[in-house]
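Structural overview
As a plain string of letters, each chain reads:
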Amino acid sequence: MLLTTVPVRTAALGLQIFVWTYVAILLALPVFGVAVGTALGLRSPTVASTIIIAIASLATLATTLGVVGRLIAYLIGRHLARGNFYRDFPNLFGWTIVLGIVILFWDTLESVIPLIASLGSLSLSWIIDLALFGAGSEVNIEPRRGLIALGVIVPTILLLEGIATVLIRRIWETEPVTSTGNHSSHTLVGGGRLEQLLGDHVSQPVLTVARERWLMERRAPNGLLYPVFIFLFAIMILLPLFSLIGIPLLLLVVLSFGLGTGIIFGLNPIGNKYRVLPMLFTTVNGRQFVSGLLLATVVVSVPVVTVAVFPISVISSVNFVGMTMLVVVGVALCACTASINIAVGMGVKRREFGPVPALFTEVPAYAEMGWAQFIRLGATFVGVSLVGVPAYLGNLPSVYESAGVIGIPIIAVRLGSLLLTTLIAAVVTKTAYQIAVQRYQDYQME
């Protein structure tokens, strides 16, 4: 009914204004306090307005970027749920190839396009120059840089708003409202490729749990939303940090895909089984349930991490041993992420879950209410990132070159750091696995 009364662009802009207003309400009081306090301290009333402009522009940029990321995730999920994954794969993920090419050849683009070189010199200090622009000569800033920062942020917001409108138009006008794939019933037990590959080594209940988790994500890929935010965070925050420190880009790729794949199948173990918890606890024991989720994660992570690491390794002239170790590290970080998420999720009481609208299906999902889940997810992200510290340090040029000076082979330092990270990830995974199993066995249906 909405689209029959107003143009798509108007409705899309209204939705985005709603999001911007919500964020503005949350930030209004602290921003006002900072602006007034700074103005009183510097005895310059105009600085309050420039602080508000700087923070508002950054918040709007971040919010619009989040809206675009959410819409991309939603569009990807819709295509996956329709059952046309292989046909739609280039359309859904082709942008990642373009982004990877831009990242790899950024230096070349800077030399060819002067505008990119000027944008690359932007930093947080330029935003500070914008915020303190109203203070005049009271502070030591460069007003020109502040104006340039504002001149870059505003067009970027408009560009992202246009992209969001295009995505909304695509979802509302051109996407089919029903599934076009074949969604006939699938058996969760019995013969299959998984049994042929692992049937002699893994029990049937573990295989059943893994297959059921894959089927659930295939039909309603809500877990796919979370890796999109991780990749956006990695591109916007971690990429500049890694570049500044000198950590190889390959390690960022390994970390991002390890975290992203681990979150898909390891997050919200109780919520995903909320309706069938009594049957689950009486038919599958803790080791079988946790092992099944880890198996679902690892089996998917091996090809995903390999496909992500291989082309960049070839371009970066990494030898076969190094590429193999990077894949092993990625899979280890993926298992580590999944095990931590499962252990943390098994500690949430049943009464803390509630029905929430689910994408890609009319059946409501069950999730933990409030911000606690997102806080724990952020803590998991930080924890897994810290697991990779040995790999980061061992592959810093300043570290392995210093080791070479004292007679330690550079290759030994770099591969040894990757091996150490893998061992630490294995220890953390084992510990989290045991905690998850124990919490499963002790879980109370109250």
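Residues numbered from 1 in each chain as written. Predicted model: local features only at pLDDT ≥ 70, side-chain atom pairs only at ≥ 80, totals over all residues. Heavy atoms only, no water.

1. Some thoughts on the side chain of Thr-165
Tracing the backbone shows Thr-165 in helix H7 (residues 143-174). In this structure the side chain of Thr-165 is engaged in a polar contact, spanning 2.9 Å, whose partner is the backbone oxygen of Glu-161. Other than its neighbours up to four places away in sequence, Thr-165 contacts Arg-9, Ala-12 and Gln-16. (Helix = DSSP H or I, 4+ residues; strand = E, 2+ residues; numbered from the N terminus. Polar contact = N/O pair within 3.5 Å; in protein donor to acceptor, adjacent residues only side chain to side chain. Contact = heavy atoms within 4.5 Å.)

2. Overview of the environment of Val-344
Considering the arrangement of structural elements, one finds Val-344 in helix H15 (residues 320-345). Separated by 92 residues in the primary sequence, Val-344 and Ala-436 have C-alpha atoms spaced 7.5 Å apart. Excluding residues within four positions of it along the chain, Val-344 makes contact with Arg-376 and Arg-439.

3. Some words on the packing of aromatic side chains
Across all of its chains, the model carries 3 aromatic pairs by this definition. Between the aromatic rings of Phe-281 and Tyr-440, the centroid separation amounts to 4.9 Å while the plane-to-plane angle is 70°, which identifies the pairing as edge-to-face. Remark: Tyr-440 occurs in helix H19 (residues 410-441) and Phe-281 occurs in helix H13 (residues 277-283); sequence separation between them is 159 residues. Its relative accessible area of 22% is what places Phe-281 among the partly exposed residues. By relative accessible area, Tyr-440 is classed as buried at 3%. (Phe/Tyr/Trp six-rings, centres within 6.5 Å; stacked < 30°, edge-to-face > 60°. Buried < 20%, exposed > 50% of the residue type's maximum accessible area, 1.4 Å probe, protein only.)

4. Notes on unusual backbone geometry
Positive phi outside glycine occurs at Asn-268, with the angle close to 55°. One can find Asn-268 in the loop between helix H11 (249-266) and helix H12 (269-272).

5. So, the environment of Arg-213
Relative to the helices and strands, Arg-213 resides in helix H9 (residues 204-219). The residues touching Arg-213, leaving out its near neighbours within four places in the chain, are Ile-264, Phe-265, Asn-272, Leu-293 and Ala-296.

6. Observations concerning H15
The end-to-end C-alpha separation of H15 is 37 Å, in line with the 38 Å expected for 26 residues at 1.5 Å each. Counting buried residues along H15, 21 of its 26 residues qualify, which places the element largely inside the surrounding structure. With a side-chain oxygen lying 3.3 Å from the backbone nitrogen of Val-321, the N-terminal cap of H15 falls on Asn-319. (Expected span 1.5 Å × (residues − 1).)

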